[in-house]
Amino acid sequence: MIGSNHPGSIGKHIPRREDKNLLQGRGRFIDDVPEPRNTLFLGFVMSPYAHARILEINASAALELDGVVDVLSGSDMAALASPISAKIEIEGYRENARPVLAADKVRFVGEHVAVVVAADPYIAQDAVDLVEVKYDPLPVSALLDEVVSGNAPLIHDDIPDNLIFESRFATDGFDEAFASEQVVVRETFRTGRVAGVPLEPRGCLAIPGQAADTLEFYTSTQIPHLVRTALAQVLSFPESSIRVVTPDVGGGFGTKAQFYTEEIAAAAIALKLQRPIKWIGDRREDLLTSIHARDHIFTVEAAVSKDGRINALRSDMITNAGAYSSYPFGCTLEPTGGVRMIVGPYDIRNYSYRARSYVTNTCPSGAYRGVAQPTCFLAIEGLMDRIARTLDLDPAEVRLRNVIKPEQIPYTNVLGIKYDSGSHEACLLRAMERAGYQEFRRTQYAEKDTDSLLGIGICCFTEVSGAGSVGWRVRGLTRVPGFDTATVKVEPSGKVTLHTSQATAGQGHLTTFAQILSDYLGVAFDDVVVDEGDTSSSPYGTNTFASRSAVAAGGAVIQAAEKIGDKIRSIAGFLLNADPKDIELADSKANVVGHTDRCVSFQDIAQTAYSMAGIALPQGMEYGLHATAFYDPPPATWPNGVHIATVRIDRRTAKVQMLNYFVVHDCGTVINPMIVDGQVQGGTVQGLGEALMEQIVYDQDGQLLNANLLDYQLPTSMDVPDISIDHISTPSVDALGGFKGVGEGGVIGAVPAIVNAVADALAPLGVNVNRLPLRPSDLMRAMRNAGV
Ligand code: MCN
Ligand code: SMO
């Protein structure tokens, strides 16, 4: 039987174990990993053009510089490593490979054309400036809106119309259902392009083994196992001979859930030269070449009954893939996500979608916290407000009329996706109460200060989390395994080591997985050490993204605890002369049920298991205390939540001031409330940035105009309101442990709630808010366009 034996650790505000080192400056990030003395450093020559043919590369001046060891071009690199290509097995996708260094053509500003190998990083940078490249510039397709309109220059010969992916779906009888209602409400939302901006830029260190047939690879990634598999493939090098290790990772946010060409270049050159190779990206490189996200055009249209019920919904999502489909999730990740998640917490039975992705001469796009969900919930939640305005109903009331009711759960949505539990209506009611929603509405226009406009915005959402193999397969991601893994070892000392297939980037895994193991194995929390992010010690798994660790690896920890618990009970039964079924485990001890004095410590059990106690194990029992479990969670597990934001807009400056912020969230069984709240807060702040200030700006020529943190504005503590967080817990029924993910809910809820609050404040003036971000200059323009 699987069950938490000794509830005690789960649910507690246990301070994060990882923080002591980090706060004392003893974190070991990628640049802190000691490099061997003979290490060489890379400098990448980046294209200044968004689209051009490479005519000639002259590296002679660079090669003359003291300390420069080698300069490799695209064709040199092609001999060492094959291009990367995301294999997405879904109809309507045109597979597209990216060379490690551009060979004949460049397709975005910042794409690597050559790489310098030098004795130190400064020489490498100097040499980069000495590499002369002759280009023949080509016409550029940088802006999504122009590409969609159909007359943009082609970027890849084999991708007609620059359309790399298209997919459609409709429920039976959709057109009739849509036509049966007289009220149709429609809007197109245009989201800004953003970057994940982890504090620590990317970097890696490749160390060839002394025997020349192994490779140790340190990299700042969320996906060590997937990187290892991909490296082995592109380098044609035995996977079993590669060890990938993640040091402390200073934020990932999806940006580091990708496999990058710099990683391949470093590994390939290390193997070629048989020297350690290091590359650390700077902020400019990070903003130019780490994947971008959003940049969507999302049109939603609903046929609505007079009382505000959505009878039929139509979505059309267009995404910007950038110049190449990124690995491993491909450019299909966002369009397939957005159109599938949008129905969220609402009971909508007639649905149709069209999803598209276009290539452009910009940096490839990929996973960034929330993936498509901040956009699709902006679309549906923005639509809810517009339905309310059209029908003269209250926006919260429209949501309450459409939301899934408790008696409908378990609920299977219109796409066949099952919600095994949830608190969709309860979260909305609680959030309205916490935010004083009705009171705000009563007094919203009472203030006589005519320069101040007040607004309130709601976002009800669900989040896809902890997806298992089935969940990835339905989206064509057959190379993403979906299961996760835990190995539990009770060491001879009785202390426990837990290896999981996750790779933490700040989420607090070293604390939360110890909490789970502590409860399910009956081992003292302090006796558990958690280790992650090393492919040589952790079993293969799917790694950290899509808010999957709590569900997928949490489930694996529970299963592994169960397996090793059985063996501990057997040995304890043998030592205590009792039936193993009568043994219970608590606080790193085993005792006979009802007889706490008839007990034996984990240490004594381990000594016996490791043949160090002077007694033989019973016949047939293996030595050692070690268990591994592979857990494939349900297709997905669905946390839900509601964010409500209130704002004040200064009519003269169009500056948005955040007033109050309320979150009610349901991630099932909460492992660590402090970590969960931190996740919600961090995500909310990122959503605030996306809604109000962040934007990566490309011009018509495909030049990135703001590849620095002065011009790419991130939120600071000055911008952030108090965030009040409340929880409702409906444990998952289908996933072990009852956990649901929380890592992305903050950003998913925040973008729509904040945008809706701004839109609500400006609606009485006739200003339509449907483009992100909402900087004062953007809002001024919208107000001027509306004649305000
Ligand atoms: N947790 C919990 N109780 C739950 C659910 C989760 O205590 N019911 C805890 C987990 O044990 C874990 C943390 O909350 O310590 C996040 O869990 P989960 O939602 O499973 O997400 P992952 O661990 O898989 O992390 C990935 C997620 C994603 S996809 C992005 S993007 C993101 C995010 O996490 N990137 C982050 N949060 C981040 N936080 C930090 N500090 N840095 C990032 O790069
Ligand atoms: S964008 Mo998160 O790493 O799925």
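The name given to the chain in an unreviewed UniProt entry is Carbon-monoxide dehydrogenase large subunit, with the source organism recorded as Limibacillus halophilus. Listed in UniProt under the heading Cofactor (unreviewed entry), the comment for the chain reads: "Mo-molybdopterin cytosine dinucleotide".

Caption draft 1: Spotlight on the layout of surface pockets. Taken as a whole, the second largest pocket spans an internal volume of roughly 620 Å³. Taken together, 30 residues form the lining of the second largest pocket, with Arg-190, Gln-695, Arg-771, Leu-772 and Pro-773 sitting closest to its centre. Among the elements of the structure, helix H5 (144-148) and helix H21 (776-785) are those that each provide at least two residues to the lining of the second largest pocket. Per element, the largest residue contribution to the lining of the second largest pocket is five residues, and it comes from H21.

Caption draft 2: Fine view of the site of ligand 1. As a structural note, the neighbourhood of ligand 1 is formed by 31 residues, with Gly-252, His-509, Ser-549, Gln-679 and Val-742 the closest of them. In the model, an oxygen atom of ligand 1 is placed 2.6 Å from a nitrogen or oxygen of the His-509 side chain. At 3.1 Å from a nitrogen atom of ligand 1 is found a main-chain nitrogen or oxygen belonging to Lys-740. Protein chains bury 96% of the 840 Å² of accessible surface belonging to ligand 1 in isolation. At the level of secondary structure, the elements contributing two or more residues to the shell around ligand 1 comprise helix H16 (509-521), helix H17 (549-576) and helix H19 (673-692). Take the shell around ligand 1: its biggest share by element is three residues, from H19.

Caption draft 3: Molecular detail of the environment of Ser-538. Position of Ser-538 relative to the elements: it lies in the loop between strand E25 (528-531) and H17. We classify Ser-538 as buried; its relative accessible area is 6%. Sequence separation of Ser-538 and Thr-487 is 51 residues, and the distance between their C-alpha atoms is 7.1 Å. Look past the residues within four positions of Ser-538 in its chain and what remains in contact with it is His-225, His-499, Thr-500 and Ser-501.

Caption draft 4: Looking closely at the environment of Phe-178. Mapping Phe-178 onto the fold places it in helix H6 (residues 174-179). Along the primary structure Phe-178 and Ala-302 are separated by 124 residues, whereas in three dimensions their C-alpha atoms are 7.7 Å apart. In this structure Phe-178 touches Val-184, Glu-301, Ala-302, Ala-303, Ala-312 and Arg-314, once residues within four positions along its chain are discounted.

Caption draft 5: View of the pairing of strand E12 (residues 203-208). Among the six residues of E12, six are classified as buried, and the element is accordingly described as predominantly covered. Going residue by residue along E12, you find Gly-203, Leu-205 and Ile-207 tucked away on one face and Cys-204, Ala-206 and Pro-208 tucked away on the opposite face as well. Across four bridges, the pairing between E12 and strand E15 (residues 277-280) is antiparallel. Across the sheet, the residue bridging to Leu-205 is Lys-278, located in E15. Bridge count between E12 and strand E13 (residues 215-219): five bridges; the pairing is antiparallel. What sits directly across from Pro-208, in E13, is Leu-215.

Caption draft 6: The arrangement of empty space enclosed by the protein in detail. The final tally for this structure, using the stated rule, is four cavities of 30 Å³ or more. Approximately 110 Å³ is the volume attributed to the largest cavity. Forming the walls of the largest cavity are 14 residues, and the residues nearest its centre are Ile-84, Arg-98, Phe-259, Ser-326 and Tyr-327. Per-class residue counts for the lining of the largest cavity are eight nonpolar, five polar and one charged. Space inside the second largest cavity adds up to approximately 50 Å³.

Caption draft 7: Examining the pairing of strand E24 (residues 496-500) more closely. Burial analysis of E24 places five of its five residues in the buried class, the great majority of the element. Alternating residues of E24 divide into Val-496, Leu-498 and Thr-500 and Thr-497 and His-499, and every residue in both groups is buried. Where strand E23 (residues 484-490) lies against E24, five bridges are found, and the strand directions are antiparallel. The partner of Val-490 across the bridge, within E24, is Val-496. Sheet topology note: the E24/E25 ladder contains four bridges and is parallel. Residue Val-496 lies in a different strand from E25, and its bridge partner there is Val-528. Crossover E24 to E25 through H16 is right-handed.

Conventions used here
- Residues numbered from 1 in each chain as written.
- Chains lettered and ligands numbered in written order.
- Predicted model: local features only at pLDDT ≥ 70, side-chain atom pairs only at ≥ 80, totals over all residues.
- Heavy atoms only, no water.
- UniProt positions renumbered as here; feature names shortened; annotations may be inferred.
- 1 Å grid on protein atoms, 1.4 Å probe; cavity = no way out; pocket = protein on both sides within 12 Å on 5 of 7 lines; lining within 4 Å.
- Points joined across faces, edges and corners; volume = space filled by probe spheres on them.
- Helix = DSSP H or I, 4+ residues; strand = E, 2+ residues; numbered from the N terminus.
- Near = heavy atom within 4 Å.
- Polar contact = N/O pair within 3.5 Å; in protein donor to acceptor, adjacent residues only side chain to side chain.
- Areas by Shrake-Rupley, 256 points an atom, 1.4 Å probe, with all protein chains shown as cover.
- Buried < 20%, exposed > 50% of the residue type's maximum accessible area, 1.4 Å probe, protein only.
- Contact = heavy atoms within 4.5 Å.
- Pairing = 2+ DSSP bridges.
- Nonpolar A, V, L, I, M, F, W, Y, C, P; charged D, E, K, R; others polar.
- Right-handed = clockwise from strand over helix to strand, strands pointing away.

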